[in-house]
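# Structure at a glance
Given next are the chains, with one letter for each unit.
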Amino acid sequence: MDSIIRFDTIAGYNAFNNQETFHPLISVVDLDRADPRQHRRLSYDFYVVFLKKSICGDLRYGCNNYDYQEGTLIFLAPGQVIGSTRDEYYQPQGYALVFHPDLIHGTSLSRHMSDYTFFSYEIHEALHVSEPERQIILDCFSKIEYELKNTADKHSKKLIVANIELFLDYCIRFYERQFSTRNNAHRSIIEKFEDLLNDYLSSEKPQVLGSPTVAYCASQLHLSTNYFGDLIKKETGKSAQEYIQLKIIEVAKKKITASDKLVSEIAYELGFRYSQHFSRFFKQHTGQSPNEYRAQSQS
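Being a predicted model, the structure only gives us computed values, none of them experimental. In every chain, residue numbers begin from 1 and rise along the written sequence. Restriction of local features to residues with pLDDT of at least 70 applies here, the model being predicted, together with a cutoff of 80 or more for giving and counting side-chain atom pairs; totals for whole chains, interfaces and linings are based on all residues. Excluding hydrogens and water, the side-chain values take into account all heavy atoms of the structure.

### Some remarks on the overall build of the protein chain
Numbering of helices and strands runs from the N terminus, with a helix taken as a DSSP run of H or I at least four residues long and a strand as a DSSP run of E at least two residues long. For the protein chain, the helix and strand inventory stands at 13 helices and ten strands. Computed over the C-alpha atoms, the radius of gyration of the protein chain is 24 Å, more than 25% above the 19 Å expected from 2.2 N^0.38 for a compact globule of 299 residues. Seen through its principal axes, the protein chain has C-alpha atoms that stretch 80 × 45 × 40 Å. For the protein chain, the exposed surface amounts to about 15600 Å²; the carbon and sulfur share of it is 49%. A distance of 3 Å separates the average location of the 34 positive side-chain charges in the protein chain from that of its 38 negative side-chain charges. With the radius of gyration taken over C-alpha atoms, the globule rule is written as 2.2 Å times the number of residues to the power 0.38. To be clear on the numbers: accessible area is Shrake-Rupley with a 1.4 Å probe, and residue cover counts the displayed protein chains and nothing else. None of His or the chain ends enter the tally, which takes Lys and Arg as positive and Asp and Glu as negative. Every charge is mapped onto a representative atom, which is NZ of Lys, CZ of Arg, CG of Asp or CD of Glu.

Printed below as a string of structure tokens:
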């Protein structure tokens, strides 16, 4: 099993990169100052955002020919592992914003961190930015660094956290732009998602595995659950869960009207363990029970 280098403090990560520590809970790291190092698997006990120079064709970053090439942002939540073990050395480049959860504890940002779903995206779902976007990011980093290097006062923490939040809000905007520029690729994913659901619901998988889940569909399409969910929401206006539920209702209606099967049989075929759960689910979405829907369709 490959060993993982784990960083549990900001100071430890700063030392690893020949960087001075100005604050125990946050740092803006200039990776160009780091010594050349071997490829290793790394884990962090804090949030990490890398601003790298894009190398399109490097599949680790998932850059496509319709993406900007001026920079790549990679987001890691505490505990995530990045990297691979290889013998060759490389020179780190770019910047890293690292901040400990304790820094934002009790702040507005802490209450809204779950909104920044890209912290659980995979590396190949990285954000590729234009030069103007890169400059905005560097400006946010610069403001944070300014606060760190100057004498702290009662405003320092508020301004640091506010600039982290501003930066992350910009990243939401930039990801929405990337979703838009990847329309053709995303339409292909929607089509594959639709085919996946049709195949799943026409097979015996629901009886074995239950109804299809967002996590299952994302894994089959080789996407992280959050990236997949955000993509579906952006492209269809519905959450991935809503999309799956509507597909189940669509198939259920066909089964109800095209056969004389008992409601319990249809429920079982669609992955519901109990027919009453299926009946409740069906009525929530149609306003009618399965039997009422069948009677209406036959009148």
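### Digging into the confidence of the model for the protein chain
The pLDDT score gives, residue by residue, the confidence of the prediction method on a 0 to 100 scale. The predicted model of the protein chain has a mean per-residue pLDDT of 90, with 93% of residues at 70 or higher. Whether two residues are in contact is decided by their heavy atoms: any pair within 4.5 Å suffices. Every residue in residues 56-63 is under pLDDT 50, and counting partners more than four places away or in other chains gives 25 contacts.

### Concerning the sheet that holds strand 1 (residues 4-7)
Judged by pairing direction, the sheet is mixed, and its three strands sit side by side in the order 1-4-7 without closing on themselves. What marks the edges here is a single partner per strand, and that holds for strand 1 and strand 7 (81-82). Inspection of the sheet shows strand 4 (residues 41-44) paired to strand 7 by two bridges, in the antiparallel sense. What sits directly across from Ser43, in strand 7, is Val81. The pairing criterion for strands is at least two bridges between them, as found by DSSP.

### What to know about the side chain of Glu269
Here Glu269 is to be found in helix 11 (residues 263-269). Polar contacts here mean pairs of N or O atoms no more than 3.5 Å apart (in protein, one a potential hydrogen donor and the other a potential acceptor; neighbouring residues in sequence count only if both atoms are side-chain atoms). A distance of 2.9 Å separates polar atoms of two side chains, one belonging to Glu269 and the other to Lys255. Discounting residues that sit within four places of it in the chain, Glu269 has contacts with Pro206, Gln207, Lys255 and Lys261.

### Re the pairing of strand 9 (residues 95-99)
Between buried and exposed lies partly exposed: a residue is buried under 20% and exposed over 50% of the maximum accessible area for its type, with that area taken using a 1.4 Å probe on protein chains only. Of all five residues that make up strand 9, four are buried, and the element is covered over most of its length. Summarising the sheet, strand 2 (residues 26-30) and strand 9 pair through five bridges and their orientation is antiparallel. Looking at the pairing, Ser27 lines up with Val98 of strand 9. Relative to strand 9, strand 5 (residues 47-52) runs antiparallel, the two being bridged by five bridges. Paired with Val48 across the strands is Val98, a residue of strand 9.

### Some details on the packing of aromatic side chains
Stacked, tilted and edge-to-face are the three classes assigned to paired rings of Phe, Tyr and Trp, where Trp is represented by its six-membered ring and a pair needs centres within 6.5 Å; plane angles under 30 degrees give stacked, over 60 edge-to-face, the rest tilted. Inspection of every chain in the model, using the stated rule, returns 29 aromatic pairs. On the numbers, 4.9 Å between centres and 55° between planes, the contact of Phe7 with Phe16 is tilted. By relative accessible area, which is 7% here, Phe7 ends up buried. Aromatic pair Phe278 and Phe282: ring centres 6.0 Å apart, planes at 45°, arrangement tilted.

### Here's the deal with the sheet that holds strand 10 (residues 127-129)
Strand order across the open sheet formed by five strands is 2-9-5-6-10, with antiparallel pairing between neighbours. The open sheet has two edge strands, strand 2 and strand 10, and neither has a second partner. For this sheet the average axis-to-axis angle between neighbouring strands, irrespective of direction, equals 15°. As paired elements, strand 6 (residues 71-76) and strand 10 share three bridges and run antiparallel to each other. Following the sheet pairing, Thr72 is matched in strand 10 by His128. Every axis corresponds to a line fitted to the C-alpha atoms, with the helix fit spanning only the stretch in contact, and the corresponding angles, defined between N-to-C directions, vary from 0 to 180 degrees. Strands strand 2, strand 5, strand 6, strand 9 and strand 10 of the sheet are contacted by helix 4 (residues 131-149), whose axis makes an angle of about 125° with strand 2. Those strands touched by helix 5 (residues 156-181) are strand 2, strand 5, strand 6, strand 9 and strand 10, and its axis lies near 90° from that of strand 10.

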